[in-house]
Structure formats: structure tokens, C-alpha cells
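Reading the structure
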Amino acid sequence: LAHVSLRHPDVYPPHMPDTLFFLEILRDLELRTCGSTSVVCEVGCGAAPLATLLAMHLGSSAATLAFDLHSSACSAAAETAQCNNIVLQVARMDLVAAMRPGLIDLLLCHPPYVPTSAVELETARASSGEAKASVEAAKVTWAGGPGGTRMLGALCDAL
């Protein structure tokens, strides 16, 4: 996943300890769920490390999807899939906006979780403009809003 930091500095680096922790959980989970999962989706995917791991394990037995609001993240997810020789359907959308209820068997989400004030969150969003690919723009990838649960709350509301 080294391509992410090099070509997509505005996408959350998938080698961070929290992502590695989620990957370890998935390695255990996938051994128990592979027979019952036909549609897997990673929301707010960034470089899609979680969806990629499951796609590698599940192969063609499941459709694996990755969604993100930012085009740079969608590009990084597509590159991650290509680098790992897997099929990953990547779409630019907010949360699960275009998904039919009840379609997804396993939903993955590693949301921004760092508590930030509403002002910091809006500043991070403003800095994440499509033309601005920088570490400064990447703040939106970890800015979780007041309480650090903005995206998680919105996802729960959408479900």
C-alpha cells in the first residue's frame, strides 16, 4: 500500500496502527464468515485496505465494493485493487446513499474518529478540495467532529 502515501497524500495512510489493528480483526473474522457473505462494502474506504483484504480472501464468492466521497480516495482504492490483483467495485458516493436496503451482508467502516470542533471539521473539509492534494488536506480523513463520531452517526442514520 506504499502507493497511497506517494501518489495520494490526501488519503489516510493505510499503514497507520489503527488500520493495522482493523486488518488483524478482519483476518480473524474472515475465517468465520466466508461462507455466508455475498456482498461486502467498505464505506469511507480511503485506499480500501479492509475491502482489499476481504476480496483477497473471498475471491469471486462475494462482490466487494468500496465507497468514498473523495475522488482521490477512489483512485487510491482502485490502485490498491490493481496492485493486489483483485476485483473491487469502487464508487464515489456519500456513505451508502445509492445502496438498496438489505443488499449488504458485511459493512466495513473505519471512520474518522479524532474529536475535533465543528470549526476544525469545516476547516478540514474546506482544505480537502479536489485540486488540493496535500497532507493538510488529509486532515479531513481523521477529523471526526465533536465527540469524534460524526461519520459513524451519519452512517447509523443512513442504515
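The rules behind the values
Residues numbered from 1 in each chain as written. Predicted model: local features only at pLDDT ≥ 70, side-chain atom pairs only at ≥ 80, totals over all residues. Heavy atoms only, no water. Helix = DSSP H or I, 4+ residues; strand = E, 2+ residues; numbered from the N terminus. Buried < 20%, exposed > 50% of the residue type's maximum accessible area, 1.4 Å probe, protein only. Areas by Shrake-Rupley, 256 points an atom, 1.4 Å probe, with all protein chains shown as cover. Salt bridge = Lys/Arg side-chain N within 4 Å of Asp/Glu carboxyl O. Pairing = 2+ DSSP bridges. Polar contact = N/O pair within 3.5 Å; in protein donor to acceptor, adjacent residues only side chain to side chain. Contact = heavy atoms within 4.5 Å. pLDDT = per-residue confidence, 0-100.

What to know about the overall build of the chain
- Secondary structure summary: the chain contains 6 helices and 4 strands in total.
- When the helices and strands of the chain are read in sequence order from the N terminus, they spell out α-α-β-α-β-α-β-β-α-α.
- Counting all 159 residues of the chain, 45% fall into the buried class.
- Entry remark: accessible area of the chain is about 8,200 Å², with carbon and sulfur atoms responsible for 60%.

Quick look at the pattern of salt bridges
- In this structure the tally under the stated criterion is 1 salt bridge.
- Residues Glu 79 and Arg 7 are paired through a salt bridge, measuring 3.0 Å at the closest nitrogen-oxygen approach. Within this pair, whereas Glu 79 is found in helix H4 (residues 71-83), its partner Arg 7 is found in helix H1 (residues 2-7), the two being separated by 72 residues in sequence.
- The exposure class of Arg 7 is exposed, given its relative accessible area of 52%.

Considerations on unusual backbone geometry
- At Ala 48, a residue that is not glycine, the phi angle is positive and equals roughly 60°.
- By the secondary structure assignment, Ala 48 is in the loop between strand E1 (39-43) and helix H3 (49-58).
- Residue classification places Ala 48 among the buried residues on the basis of a relative accessible area of 0%.
- The phi dihedral of Asn 85 falls on the positive side, at around 55°, and the residue is not glycine.
- By the element assignment, Asn 85 lies in the loop between H4 and strand E3 (89-92).

What about the pairing of E1?
- Where burial is concerned, most of E1 is hidden: 5 out of the 5 residues are buried.
- Both E1 and strand E2 (residues 63-68) contribute to a ladder of 5 bridges, which runs parallel. Opposite Val 40, over in E2, you have Thr 64 as the bridge partner.
- Two strands pair when backbone bridges link them, and E1 and strand E4 (residues 106-109) are joined in this way by 4 bridges, in the parallel orientation. Of the residues in E4, the one forming a bridge with Val 43 is Cys 109.

Focus: the side chain of Glu 42
- The residue Glu 42 is located in strand E1 in this model.
- Of the polar contacts made by the side chain of Glu 42, one reaches the backbone nitrogen of Leu 50; its length is 3.3 Å.
- A distance of 2.8 Å separates a polar side-chain atom of Glu 42 from the backbone nitrogen of Ala 51.

Brief notes about the environment of Val 43
- Relative to the helices and strands, Val 43 resides in strand E1.
- Among all residues touching Val 43, those that are not within four sequence positions of it are Phe 67, Leu 95, Val 96, Leu 107, Leu 108, Cys 109, His 110, Met 151 and Leu 155.

Comments concerning the confidence of the model for the chain
- Taken as a whole, the chain shows an average pLDDT of 79; of its residues, 83% reach a score of 70 or greater.
- Note that residues 130-135 has pLDDT below 50 and, in this model, 12 contacts with residues that lie over four places away or in other chains.

Structural notes on the environment of Val 39
- With respect to the element layout, Val 39 can be found in strand E1.
- Placed 25 residues apart in sequence, Val 39 and Thr 64 show a C-alpha to C-alpha distance of 6.0 Å.
- Excluding residues that lie within four positions of it along the chain, Val 39 makes contacts with Ala 63, Leu 65, Leu 103, Ile 104, Asp 105 and Leu 106.

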